[in-house]
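# Architecture and fold: a report
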Amino acid sequence: MLLRWLSLPRNVWTITAAALLFGATGYVLQGSPKLPASPAQPQSTKLDVAPDIVELRGAFFGRFTGDAAYQTAADAMIRISDPASAVRVTLGGIDRNPRSVALWTELGSVLVTHDAGNVSPAALFAFRRAMFLAPRHPGPPFFLGLGYAQAGRLQNARIWWQRSLELSPPGASYRTAIQERLMLLDQFIAMSQAQGQQPAP
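Calculation rules
- Residues numbered from 1 in each chain as written.
- Predicted model: local features only at pLDDT ≥ 70, side-chain atom pairs only at ≥ 80, totals over all residues.
- Heavy atoms only, no water.
- Core = buried A, V, L, I, M, F, W, Y, C linked by side-chain atoms within 4.5 Å.
- Buried < 20%, exposed > 50% of the residue type's maximum accessible area, 1.4 Å probe, protein only.
- Helix = DSSP H or I, 4+ residues; strand = E, 2+ residues; numbered from the N terminus.
- Expected span 1.5 Å × (residues − 1).
- Contact = heavy atoms within 4.5 Å.
- Axes fitted to C-alpha atoms, helices over the stretch in contact; angles between N-to-C directions.
- Parallel < 35°, antiparallel > 145°, perpendicular 65-115°, else oblique.
- Left-handed = near helix turned anticlockwise from the far one by under 90°.
- Nonpolar A, V, L, I, M, F, W, Y, C, P; charged D, E, K, R; others polar.

Phe60, Trp104, Leu107, Phe142, Phe143, Leu144 and Trp161 are the most contacted members of the largest nonpolar core, which totals 48 residues. Where this core is concerned, the elements lending two or more residues are helix 3 (51-61), helix 4 (66-79), helix 5 (83-96), helix 6 (101-114), helix 7 (121-133), helix 8 (139-150), helix 9 (154-167) and helix 10 (175-194). No other element matches the eight residues that helix 6 contributes to this core.

Written as structure tokens, this is what we have:
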């Protein structure tokens, strides 16, 4: 399904599909980036890890590494709706390898899941740490953009996906996937603007 492939939040799939079906000009994903600061609540509903995102993560960071084993373990925790354990597993990997770009990026991603689909300050710190360690790696900006897309902050997502694309080598296996997601994101932004509604800044 297109919306799943783009990794948009599950709770907007039906609404968006209906809007497209009836010829509506767009649908704006709802985020809450301006809510006052408060402790984020862990997810309590059934969680999943999209296989295409796992595949893309492997293309970015490698599939058969020690870091990948921690990522796989974190995926398992997410699938049983235990994002707190996913965070602990990933932190365990970072303790073993504190300069792992893959694991700092993974920590950002699992914190987004843990924090109810929001890019919390802790998640943002993790992504920024990954980008500090490897400023020319396209993986961290892609997954930061994915976090913003899941939060409904489409303009932010676009900035980071565009940055990821710029950092991707011309022959990289993941470059087309980034381009396609960026194109779909632009379509969602254009539809929302056609209704006179702006995505969250």
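Our next topic: helix 7. Residues three or four positions apart in an α-helix share a direction because the helix packs 3.6 residues into each turn. Between the first and last C-alpha of helix 7 there are 18 Å, a value that for 13 residues agrees with the 18 Å anticipated at 1.5 Å per step. For helix 7, every residue scored as buried is listed here: Ala123, Leu124, Ala126, Phe127, Ala130, Met131 and Leu133. For helix 7, the elements touching its buried residues are helix 6, helix 8 and helix 9.

A word on the packing of helix 7 against helix 8. Two elements in contact, helix 7 and helix 8, have axes whose closest approach is 9 Å; the angle formed by their N-to-C orientations is 160°. When the interaxial angle is binned, helix 7 and helix 8 end up roughly antiparallel. As helix 7 packs across helix 8, the resulting crossing turns out to be left-handed. Contact residues: Leu124, Phe127, Ala130 and Met131 in helix 7; Pro140, Pro141, Phe143, Leu144 and Tyr148 in helix 8. In terms of residue class, the contact of helix 7 with helix 8 is made up of nine nonpolar, no polar and no charged.

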